[in-house]
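Residue-level listing of the chains:
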Amino acid sequence: MVINIDAFRKSFSDPSKETKANIIHRQNDRLNGLRPIEFIASTNPILIIDEPQSVDNTSKAKEAIETLNPLCSLRYSATHLQKFNLMYKLDSIDAYEQQLVKQIEVANVKLEDSSNKAYIRVVSVKANPRSAKVEIDLNQSGTTKRKVLTLKNGDDLYEKSKGRDVYDGYVINDIYIEEENEYIEFLNQEIINLGQTIGDADNDSIKRLQIRKTIEEHLDKELRLKPKGIKVLSLFFIDKVANYRAYDAEGNAIKGKYALWFEEEFETISKKPKYQTLFEKIDNNDIENIHDGYFAQDKKGRLKDSTGKNKDDESAFDKIMKNKEKLLSFDEPLRFIFSHSALKEGWDNPNVFQICTLNETNSVMKKDKR
């Protein structure tokens, strides 16, 4: 029997809500007044849970699973939230050695000289005693660590940073506390306003570099794999749908900054001589057709951010699942896929050779899934 958790976890414990319960928990005259769940439970089934971190991750889900009265439960996942009795393990190293996955390479991008500038952010100022909370980079155990310090007039950022040369000359001359005009003035005559940051890498510039690098890696692989009949796909995970697809005052869809950056970078990179065998001609219409976004939609059909766990995600998820085979055809121009939350467990495509994360995540589990 194949069943999903939503089919047997709803309102089965409250008699007053029986009509809202899943059918499997409702009494049935054809079953002599018994409930289907009782017949299943009486067999003590062997329960196999695929991707348990998304199935039995709530108290309601765990309670529903118990009603199945399983003889035993087997859980299959690469990213368990809770581990029980481990019977078999296939980690990323084993999978690679057994040639079950492609080789993984990680590319990093950074702005030139961004780490060689004085980073200073004024967090807050205080009147009594007059002081300011300032975030700077500190030398610590051979590495650089960003930390917020409470500073006063006369403090030398070179000393506070434990000898970082980029802060030479940054001695606080005055902390100005007038409301809506707060700032810090240094002896080198540089002024930094409350909330202002200097010396930090521009986040948009880094993301644009990520897009450029992904396009280059993609086209390099197309040069090698297209003659072998293998279509190359690239996947972008983004932080906000609006950064890829936005709407004007009249509700018309317009390109967000990620879509604009992609098209500008692709148009430039694709004109390099080494890629000319891939393209006879590149125009704006061609570029628009090679990338698309797969996002949840609201009732008006507008794309929106979501968690990837509700009904609004079904349209995006079904779209890319049903078109999975079409994506592998060279007749389909789509090569670059932008997603927010729709792609998760259950979606797999061996032709995705590049994954670019334009969202920030510290979750090891999310990285493992991807």
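If you're wondering where the values come from, they're calculated on a predicted model, not measured in any experiment.

So, on to the pattern of salt bridges. Tallied over the full model, the rule gives 19 salt bridges. For aspartate 174, the salt bridge identified is with arginine 130, shortest N-O distance 3.8 Å. Pair noted here: aspartate 174 is in strand β6 (residues 172-176) and arginine 130 is in the loop between β3 (120-126) and β4 (131-140), with a separation of 44 residues, a long-range link. The partly exposed category is assigned to arginine 130, whose relative accessible area is 39%. Ionic pairing is found between lysine 221 and glutamate 217, a salt bridge with its closest N-O pair at 3.7 Å. Taken as a pair, lysine 221 and glutamate 217 lie in helix α6 (residues 203-225) at a separation of four residues, close to a single helical turn. Under the relative-accessibility criterion, glutamate 217 is labelled partly exposed at 25%.

For α6, built from 23 residues, the straight-helix expectation of 33 Å at 1.5 Å per residue is met to within 8% by its first-to-last C-alpha distance of 33 Å. For α6, the complete set of buried residues consists of Lys207, Gln210, Ile211, Thr214, Ile215, His218, Leu219, Lys221, Glu222 and Leu225. Buried-residue contacts for α6 involve β10 (233-238), α7 (257-269), β16 (336-339) and β17 (352-358).

All right, on to the sheet that holds β4 then. With respect to topology, four strands assemble into an open sheet ordered β5-β4-β3-β9, the strand pairing being antiparallel. Two strands in the sheet have a free side with no partner beyond their single neighbour: β5 (143-151) and β9 (197-198).

Closest axis-to-axis distance for the α6/α7 pair is 10 Å, and the angle between their directions is 45°. When the axis of α6 is compared with that of α7, the two are oblique. Two packed elements cross with a definite hand, and for α6 against α7 that hand is right-handed. Contacts between α6 and α7 pair Asp204, Lys207, Arg208, Ile211, Arg212, Ile215, Glu216 and Leu219 from the former with Lys257, Tyr258, Trp261, Phe262, Glu264, Glu265, Phe266 and Ile269 from the latter. Its residues assigned to classes, the contact of α6 with α7 shows eight nonpolar, no polar and eight charged.

Attention shifts here to the environment of arginine 164. Relative to the helices and strands, arginine 164 is located in the loop between α5 (157-160) and β6. When its relative accessible area of 12% is taken as the criterion, arginine 164 is described as buried. When the C-alpha atoms of arginine 164 and leucine 138 are compared, they prove to be 7.2 Å apart, with 26 residues separating the residues in sequence.

Turning next to the packing of aromatic side chains. The tally for this structure, following the rule as stated, stands at 12 aromatic pairs. Measuring from centroid to centroid gives 5.9 Å for phenylalanine 262 and phenylalanine 338, while their planes differ by 90°, and the two rings are edge-to-face. With phenylalanine 262 in helix α7 and phenylalanine 338 in strand β16, this pair connects stretches of sequence that are 76 residues apart. Exposure remark for phenylalanine 262: the relative accessible area of 0% places this residue in the buried category. Note on phenylalanine 338: relative accessible area 0%, which makes it buried. Measuring from ring centre to ring centre gives 5.9 Å for phenylalanine 266 and phenylalanine 336, while their planes differ by 75°; the resulting arrangement is edge-to-face. With phenylalanine 266 in helix α7 and phenylalanine 336 in strand β16, this residue pair connects regions lying 70 residues apart in the sequence.

Take glutamate 135: it is sitting in strand β4. Side-chain polar atoms of glutamate 135 contact the side chain of tyrosine 119, separated by 2.6 Å. Every residue in contact with glutamate 135, bar those within four places of it in the chain, is listed here: Tyr119, Ile120, Arg121, Val123, Arg146, Lys147 and Val148.

Moving on: helix α3 (residues 59-66). Three or more residues of α3 are buried, namely Ala61, Ala64 and Ile65. The buried residues of α3 occupy an angular sector of 100° when the element is viewed end-on, so they sit on one face. Exposed residues pointing more than 90 degrees away from the buried face of α3 are listed as Ser59 and Glu66.

About the thresholds
- Residues numbered from 1 in each chain as written.
- Predicted model: local features only at pLDDT ≥ 70, side-chain atom pairs only at ≥ 80, totals over all residues.
- Heavy atoms only, no water.
- Salt bridge = Lys/Arg side-chain N within 4 Å of Asp/Glu carboxyl O.
- Helix = DSSP H or I, 4+ residues; strand = E, 2+ residues; numbered from the N terminus.
- Buried < 20%, exposed > 50% of the residue type's maximum accessible area, 1.4 Å probe, protein only.
- Expected span 1.5 Å × (residues − 1).
- Contact = heavy atoms within 4.5 Å.
- Pairing = 2+ DSSP bridges.
- Axes fitted to C-alpha atoms, helices over the stretch in contact; angles between N-to-C directions.
- Parallel < 35°, antiparallel > 145°, perpendicular 65-115°, else oblique.
- Left-handed = near helix turned anticlockwise from the far one by under 90°.
- Nonpolar A, V, L, I, M, F, W, Y, C, P; charged D, E, K, R; others polar.
- Phe/Tyr/Trp six-rings, centres within 6.5 Å; stacked < 30°, edge-to-face > 60°.
- Polar contact = N/O pair within 3.5 Å; in protein donor to acceptor, adjacent residues only side chain to side chain.
- Arc of directions from axis to C-beta.

Everything listed is a geometric property; what it means functionally is a separate question.
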